[in-house]
Amino acid sequence: MSNEKITPQSQDFSEWYNQVILRAELADYAPVRGCMVVRPYGWAIWENIQKTLDRRFKDTGHVNAAFPMLIPKSFMEKEKEHVEGFSPELAVVTIGGGQELEEPLVVRPTSETIIGHMYAKWIQSYRDLPVLINQWANVVRWEMRTRLFLRTLEFYWQEGHTAHETAEEAEEETLRMLDVYADFAINEAAVPVVKGRKSESERFAGAVRTYSIEGMMKDTRALQSGTSHNLGQNFAKAFNIQYLDRNNVLQHCWTTSWGLSTRFIGAIIMTHGDDQGLILPPRLAPIQIVIVPIYRSDIEREAVLTAAREVEARLSSFRCKVDDRAEMTPGFKFNEWELRGVPLRIEIGPKDVEKHAVLTARRDIPGKEGKLSIGMDQIEEEVANFLTAIQNNLLDKATRFRDENTFKPETYEELKQVVNKGWALSPWCGRAECEVKVKEDTKATTRCIPFDQSSPAGKCVVCGEPAEERVIFARAY
Ligand SMILES: [Zn+2]
């Protein structure tokens, strides 16, 4: 890793994003165009995301399972909207074991079809419901324009698939999981997402209703960061998922699906990062604290390293690392760990050892203001407080940024202006023509109709017809 400066965000945000990912060693380009290799440091973030989400899934009654990656192509064709939505992105296997297959197989772009097929077999009676299954998996969608983490041919995610007795239960589940995602995003990743409903044109292929969480990135673009779909009876009818109800009458189930992917790592990078590189929220950071020993002579080295090891032992309840590489200077190490977004740095030099203290430096507050000397005796408590303060500060900053860059244009002229510098929370009549017009004129799309409708609607910002709700128009990833 070189100490060369990263392209500043203000100069070229997208170049900044790519450089941070490559130089922080989160991911790399694979030999197949559009595929990505997730490197250990990036995967460690994903593992922390997995742990915290998986606990939330289990707490809400879900269990994990694994379904196959190969799906008979005919399955994809059973639900009309689903096939239209996904056909252009399918990878199809036609040869297996050197022979042409009788029926082509698709590499799963998502698993509603194969899981629906299995649910039809497993569900007979209302006593079998609800079925609440999640799987951690990789999926393939043949995207034309790709970006590391944000849009790649293959990506990693979890997909929950549930089946219920009633429409109400399915809707409750869909909303419950959206809440789980929002709780994770806000409280673990410090990404202040907005919960809302997708417009008709933006909903999942085959869903009755799609909900999403949307985050504002530092360039003010929106990033859809997780989705939850109420599939109604569409897939149940396509796959004959039926059950005998309490009156012994055969009914179709009501199903849902919901997913959050490695795309969320992109959300973390672009919500918190700065010109020095990544800033990771302490709750998800693979390394929460890095200890850098500072010395000039061998005698100093001995004393300083001993103290560093002692600090490491004291902080064993945190994810802590001593950077004892002898061949790098402390300055080089500072830059490297800043680039890699470690929330808290602890410096220990001979004077600190004498004082029985250490110097701490917060990644979220650059320069002198973020530095503080703390006594060894209080180190566990102080570090815990720092990490909490950093986590809270990241969420506060990101929330403020989002609010400062969310505008409420009342005229179409205003809307066209503000979508170049932020989000437009505008009254919308709900008609697709108005959505299309905004997209053609400004490239902004409807992101979601926020649940929070505390600002009164009025007249559609595009056509002037009465509007019942406000929608977020924004340029999006
Ligand atoms: Zn309109």
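Residues numbered from 1 in each chain as written. Predicted model: local features only at pLDDT ≥ 70, side-chain atom pairs only at ≥ 80, totals over all residues. Heavy atoms only, no water.

Help me understand the layout of surface pockets, please; the structure alone is not making it clear to me.
Over the atoms a probe the size of a water molecule is rolled, and this reveals where empty space is left. Space inside the largest pocket adds up to approximately 1,600 Å³. Together, 48 residues line the largest pocket, and Glu143, Arg151, Gln224, Arg263 and Tyr477 are the ones closest to its centre. Residue composition of the lining of the largest pocket, grouped by class: 13 nonpolar, 18 polar and 17 charged. There is about 340 Å³ of room inside the second largest pocket. Forming the walls of the second largest pocket are 16 residues, and the residues nearest its centre are Val194, Thr406, Leu425, Pro450 and Asp452. Elements represented by at least two residues in the lining of the second largest pocket include exactly strand E9 (194-197), helix H12 (379-404), strand E21 (423-428) and strand E26 (469-474). For the lining of the second largest pocket, a count of residues per class yields six nonpolar, four polar and six charged. (1 Å grid on protein atoms, 1.4 Å probe; cavity = no way out; pocket = protein on both sides within 12 Å on 5 of 7 lines; lining within 4 Å. Points joined across faces, edges and corners; volume = space filled by probe spheres on them. Nonpolar A, V, L, I, M, F, W, Y, C, P; charged D, E, K, R; others polar. Helix = DSSP H or I, 4+ residues; strand = E, 2+ residues; numbered from the N terminus.)

What is the right way to read the packing of aromatic side chains from this model?
Following the criterion strictly, the structure yields 13 aromatic pairs and no others. Look at phenylalanine 155 and tryptophan 157: their rings are 5.7 Å apart centre to centre, the planes differ by 85 degrees, and that puts the pair in the edge-to-face class. The buried category is assigned to phenylalanine 155, whose relative accessible area is 11%. A residue is classified by how much of its surface remains accessible, and tryptophan 157, at 10% relative accessible area, is buried. The interplanar angle of 65 degrees and the centroid separation of 6.5 Å between the aromatic rings of tyrosine 181 and tryptophan 258 together place this pair among those described as edge-to-face. Taken as a pair, tyrosine 181 in helix H6 (residues 167-187) and tryptophan 258 in strand E14 (residues 254-261) lie far apart in primary sequence, 77 residues in all. By the ring-pair criterion, three or more aromatic residues cluster together here, those being Trp46, Phe57, Trp136, Tyr181 and Trp258. A cation over a ring is seen here: arginine 340 above tyrosine 41, with NZ or CZ 4.2 Å from the ring centre. Across from the ring centre of phenylalanine 407, 4.7 Å away, lies the NZ or CZ of lysine 421, which sits over that ring. (Phe/Tyr/Trp six-rings, centres within 6.5 Å; stacked < 30°, edge-to-face > 60°. Buried < 20%, exposed > 50% of the residue type's maximum accessible area, 1.4 Å probe, protein only. Lys NZ or Arg CZ within 6 Å of the ring centre and 35° of its normal.)

Teacher, can you tell me more about the environment of aspartate 183 here?
Structurally, the position occupied by aspartate 183 is in helix H6. Residue classification places aspartate 183 among the partly exposed residues on the basis of a relative accessible area of 32%. The spacing of aspartate 183 and histidine 161 is 22 residues in sequence and 20 Å in space, taken between C-alpha atoms.

Just checking my understanding: could you explain the pairing of E21 for this structure?
One face of the sheet, then the other: side chains in a regular strand alternate in exactly this way. Within E21, six of the six residues are buried, leaving the element largely enclosed by the surrounding structure. Residues Trp423, Leu425 and Pro427 line one face of E21 and the alternating positions Ala424, Ser426 and Trp428 line the opposite face, and both faces are buried. Relative to E21, strand E20 (residues 406-407) runs parallel, the two sharing two bridges. Residue pairing across strands places threonine 406 opposite tryptophan 423, the latter belonging to E21. You can see the chain leave E20, run along helix H13 (residues 412-418) and come back into E21, and the turn it takes is right-handed. Both E21 and E26 contribute to a ladder of five bridges, which runs antiparallel. Opposite tryptophan 428, over in E26, you have glutamate 469 as the bridge partner. (Pairing = 2+ DSSP bridges. Right-handed = clockwise from strand over helix to strand, strands pointing away.)

Is there a simple way to explain the sheet that holds strand E7 (residues 131-140) in this structure?
The strands making up a sheet associate through backbone hydrogen bonding, with each pair oriented either parallel or antiparallel. Sheet architecture is open: eight strands sit in the order E3-E7-E8-E14-E11-E10-E9-E23, paired in mixed fashion. The open sheet has two edge strands, strand E3 (63-64) and strand E23 (449-450), and neither has a second partner. Here four bridges tie strand E11 (residues 222-230) to E14, and the two strands are oriented antiparallel to one another. Residue pairing across strands places threonine 227 opposite glycine 259, the latter belonging to E14. Here helix H2 (residues 40-59) sits on the sheet in contact with E3, E7, strand E8 (154-164) and E14, set at roughly 165 degrees to E7. (Contact = heavy atoms within 4.5 Å. Axes fitted to C-alpha atoms, helices over the stretch in contact; angles between N-to-C directions.)

So, to be careful, I would describe these as geometric facts and stop short of saying anything about function.
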